[in-house]
Number of protein chains: 2
Amino acid sequence: MYKCVAVAEVQSFVERCMRAVGTDPQHSTALSQVLTEADFRGHFTHGLNRLEVYVRDIKNGVTQPQGEPSIEKEAGATALVNGNNLLGPVVGNFCMELAIKKAKEHGIGWVVCKGSTHFGIAGWYSAQALQHGMIGMSMTNTSPVVVPTRASQSSIGTNPLSVAAPGKAGDSFLLDMATSGVALGKVEMCHRKETEIPQGWGVNSKGLETVDPKEVFEGGGLLPLGGKEITGGYKGYGLAMMVDVFCGILSGSTFGTNINDGRGKTKDWLTWVTVS
Amino acid sequence: MYKCVAVAEVQSFVERCMRAVGTDPQHSTALSQVLTEADFRGHFTHGLNRLEVYVRDIKNGVTQPQGEPSIEKEAGATALVNGNNLLGPVVGNFCMELAIKKAKEHGIGWVVCKGSTHFGIAGWYSAQALQHGMIGMSMTNTSPVVVPTRASQSSIGTNPLSVAAPGKAGDSFLLDMATSGVALGKVEMCHRKETEIPQGWGVNSKGLETVDPKEVFEGGGLLPLGGKEITGGYKGYGLAMMVDVFCGILSGSTFGTNINDGRGKTKDWLTWVTVS
């Protein structure tokens, strides 16, 4: 049975949960907006479902409840931001605003960030460019759950990328995708339902394709977009590496297997580009 | 039986072929460099194999043998270039040089181009940034041979993208990939050998997956990276659209099904970004 809940009520609930653990009210609002938007768009894996993690990370000190991001380095159309381990959406909004400001001055803005935390759906940030008649991009690297082509262990994240471009009559193009074939949540659903997963989703601990969701969680991992080598899986792997280069390496942060395993320590690093 | 041919000899052969049909000597050299590099790296579909097409396009007036690209619009870190229908590598080198120059001034350069022709391997251009210690990107849209998710007709190109990033001790990261699962040339090879193609490569004229290469050519097409919908093919389709947005739409050129069918009329449009 489903029950409809008003958007404003969901937002208020998120805000109250975050404030209850000492989060800055404005930061709480920033998070509530992106989580509600994710649920509203149907990305249920990135909505209210994740609230518990954000609350927990504030409580255990992984995420800082108070403060502001800072600009570490700035040159023309580019900047390096330190998120100071604040809530991902606070850092994300800060970077996107900076990128838009730079794009208005230089035609394009490219902002890279370190010291951020989980920022929700990547499309939330790229879409902000639309209001300014600009193209927006956002990417983030994540904890390693994807097994590269010819490997047997997961060593790279689902590393999503998003591009938003304004269209005619208020319409727009919005791409928001993980560079793995599917999200881990989809495998989890099959696991719970005790059904097989389709070929091309995951591998077992030997790096071999499996249709048993249990094997994916027990030492296996996700396949990159494209699946096996014969169907171009190395391309999805290459795209995930590209996101690691733009986010983790360009910002002087962590990447690949150096990113913590997501058990209370996940950190994301972000990058934006905006073309006016 | 194979015969080894010296790189210089291959380059000289390409140059002489192009000059014989009236191509500017410097333009002929630009083309010979990228075609030779493609063969040298093992991208045989984009090397000497294509020489005939470049010669033919000069002869039938699709490609202009003489002239220079021009800058139509310039603002800060960005520019719009008109390739004036010159040889793709001439236009590509021009745009990449401009992007690198802008990146030195503004931290990043983003150059979009219209009126270009087939430019060979995308990685030739992104890799030029490496010599300056920069990250390079290049993309181009192409004639429609890919059938989008839930469609039955090809309406988008294999739209490749490339990213090059400098590494330690002279090493580097170089991604150069089509956003389709495989290149059309791979299906052609199976067709000639009269073997089946693997699942996930192509569809028939009804948009249904097929293992018969003949069906791919007879009204069918390639699948986007990710293959069918269940394995994330819509993501490869989204990436191809992203490339169309950055190349065809941003430059005010052609995109999607508006691009000619490749029979002597193929035009590519290009974009570059360089981050210093």
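Here goes a summary of the coordinates provided. Every value quoted in this text rests on a predicted model; they were computed, and no experiment measured them.

The next thing to look at is the overall build of chain A. The helix and strand inventory of chain A stands at eight helices and 10 strands. Taking 2.2 N^0.38 as the reference for a compact globule, 276 residues should give roughly 19 Å; the C-alpha atoms of chain A span a radius of gyration of 19 Å, in line with that estimate. Dimensions along the principal axes, computed over C-alpha positions, put chain A at roughly 50 × 45 × 40 Å. Within the span of chain A, comprising 276 residues, buried residues form 55% of the whole. Sequence-distant contacts, at least 24 apart, represent 61% of the contacts inside chain A between residues at least 6 apart. For chain A, the accessible area works out to roughly 12,100 Å², and carbon and sulfur atoms hold 52% of it.

Once that is clear, we can look at the interface of chain B and chain A. Each side of the interface is counted separately: chain B has 42 residues, and chain A has 42 residues. A buried area of about 3,100 Å², summed over both sides, lies between chain B and chain A, and 79% of it is on carbon and sulfur atoms. Run the count over chain B and chain A and you get zero salt bridges. Our count for the chain B to chain A interface comes out at 10 residue pairs in polar contact (both at pLDDT 80 or more). For the side of chain B that touches chain A, the secondary structure elements donating two or more residues are β3 (108–114), β4 (135–141), β5 (161–166), β6 (172–177), α8 (233–249) and β10 (269–275) of chain B. Each residue belonging to the side of chain B that touches chain A can be placed in one class, and the counts come to 27 nonpolar, 13 polar and two charged.

All right, on to the relation of the copies chain B and chain A then. For the pair chain B and chain A, the best superposition has an RMSD of 0.0 Å and corresponds to a rotation of 180 degrees with a translation of 0.0 Å parallel to the axis. The relationship between the two copies is best expressed as a two-fold rotation axis. Among all residues of chain B, the minimum C-alpha distance to the rotation axis is found for Gly226(B), at 2.0 Å. The residues that chain B uses at the interface reappear at the interface of chain A in 100% of cases, marking a shared surface.

Time to look at the environment of Ser253(B). All names here are of chain B. The residue Ser-253 is located in the loop between α8 and β10 in this model. Considering only alpha carbons, one finds Ser-253 and Leu-225, 28 residues apart in sequence, at a separation of 24 Å. A polar atom in the side chain of Ser-253 sits 3.2 Å from the side chain of Ser-251.

Let's shift gears to unusual backbone geometry. Across the chain, the bulk of peptide bonds are trans and the bulk of non-glycine residues have phi less than zero. Residues and elements named next belong to chain A. The phi dihedral of Asn-84 is positive, around 50 degrees, even though this residue is not glycine. The topology assignment puts Asn-84 in the loop between β2 (78–82) and α4 (88–106). You can call Asn-84 partly exposed: its relative accessible area is 31%. The phi angle at Asn-85 is positive, at roughly 55 degrees, despite the residue not being glycine. Relative to the assigned elements, Asn-85 resides in the loop between β2 and α4.

Now for the nonpolar core. One finds Leu161(A), Met242(A), Leu161(B) and Met242(B) to be the most contacted residues of the largest nonpolar core, which totals 42 residues. If sequence neighbours within four positions are ignored, Met242(B) has contacts with Leu161(A), Val163(A), Phe173(A), Leu175(A) and Leu161(B).

All names here are of chain B. Two elements in contact, helix α1 (residues 7–20) and helix α2 (residues 25–41), have axes separated by 8 Å at closest approach and are oriented at 140 degrees. Looking at the two axes, α1 sits oblique to α2. Crossing hand, α1 versus α2: right-handed. The segment α1 lies against α2, with Val-7, Val-10, Gln-11, Val-14, Glu-15, Met-18 and Arg-19 engaging Pro-25, Ser-28, Thr-29, Leu-31, Ser-32, Gln-33, Leu-35, Thr-36 and Phe-40. For the contact of α1 with α2, a count of residues per class yields eight nonpolar, six polar and two charged.

The final tally for this structure, using the stated rule, is zero disulfides over all chains. Free cysteine Cys113(A): the closest other cysteine sulfur is in Cys95(A), separated by 4.3 Å.

Residues and elements named next belong to chain B. Within strand β2 (residues 78–82), five of the five residues are buried, leaving the element largely enclosed by the surrounding structure. Residues Thr-78, Leu-80 and Asn-82 point to one face of β2 and Ala-79 and Val-81 to the other, with burial holding for every one of them. Where strand β1 (residues 70–75) meets β2, five bridges bridge the pair, whose relative direction is antiparallel. Bridged to Glu-74 within β2 is Ala-79.

Summed over all chains, the structure comprises 14 salt bridges over all chains. Lys102(A) serves as the salt-bridge partner of Glu74(A), at 3.1 Å between the closest nitrogen and oxygen. Of this pair, Glu74(A) sits in strand β1 (residues 70–75) while Lys102(A) is found in helix α4, placing the two residues 28 residues apart along the sequence. Judged by relative accessible area, which is 45%, Glu74(A) ranks as partly exposed. Here Glu37(B) makes a salt bridge to Arg41(B), at a shortest N to O gap of 2.9 Å. Highlighted residues: Glu37(B) and Arg41(B), both in helix α2, separated by four residues, approximately one helical turn. Relative accessible area serves as the criterion here: at 31%, Arg41(B) is assigned to the partly exposed category.

Right, let's talk about the packing of helix α1 (residues 7–20) of chain A against helix α3 (residues 51–59) of chain A for a bit. For any two helices packed against each other, one specifies the inter-axial angle together with the distance between the axes. All names here are of chain A. Contact geometry for α1 and α3: axes closest at 10 Å, N-to-C directions at 20 degrees. Taken together, α1 and α3 sit at an angle that is classed as roughly parallel. In this structure, α1 crosses over α3, and the sense of that crossing is right-handed. Residue-level inspection shows Phe-13, Val-14, Cys-17 and Met-18 of α1 in contact with α3, the latter providing Leu-51, Tyr-54, Val-55 and Ile-58. A breakdown of the residues in the contact of α1 with α3 according to their chemical character gives eight nonpolar, no polar and no charged.

You can see Lys235(B) is positioned in helix α8. For the buried Lys235(B), no salt bridge exists, and the shortest N-O distance to an oppositely charged side chain is 9.0 Å, to Asp176(A). Looking at Lys235(B), its side chain comes within polar contact range of the main-chain oxygen of Ala178(A), at 3.3 Å.

The rules behind these values
- Residues numbered from 1 in each chain as written.
- Chains lettered and ligands numbered in written order.
- Predicted model: local features only at pLDDT ≥ 70, side-chain atom pairs only at ≥ 80, totals over all residues.
- Heavy atoms only, no water.
- Helix = DSSP H or I, 4+ residues; strand = E, 2+ residues; numbered from the N terminus.
- Rg over C-alpha atoms; globule rule 2.2 N^0.38 Å.
- Buried < 20%, exposed > 50% of the residue type's maximum accessible area, 1.4 Å probe, protein only.
- Contact = heavy atoms within 4.5 Å.
- Areas by Shrake-Rupley, 256 points an atom, 1.4 Å probe, with all protein chains shown as cover.
- Buried area = accessible area lost by both parts, 1.4 Å probe.
- Salt bridge = Lys/Arg side-chain N within 4 Å of Asp/Glu carboxyl O.
- Polar contact = N/O pair within 3.5 Å; in protein donor to acceptor, adjacent residues only side chain to side chain.
- Nonpolar A, V, L, I, M, F, W, Y, C, P; charged D, E, K, R; others polar.
- Least-squares fit on C-alpha atoms with pLDDT ≥ 70 in both.
- Core = buried A, V, L, I, M, F, W, Y, C linked by side-chain atoms within 4.5 Å.
- Axes fitted to C-alpha atoms, helices over the stretch in contact; angles between N-to-C directions.
- Parallel < 35°, antiparallel > 145°, perpendicular 65-115°, else oblique.
- Left-handed = near helix turned anticlockwise from the far one by under 90°.
- Disulfide = S-S within 2.5 Å.
- Pairing = 2+ DSSP bridges.
- Lys, Arg positive; Asp, Glu negative; His and termini not counted.

These figures capture arrangement, not role.
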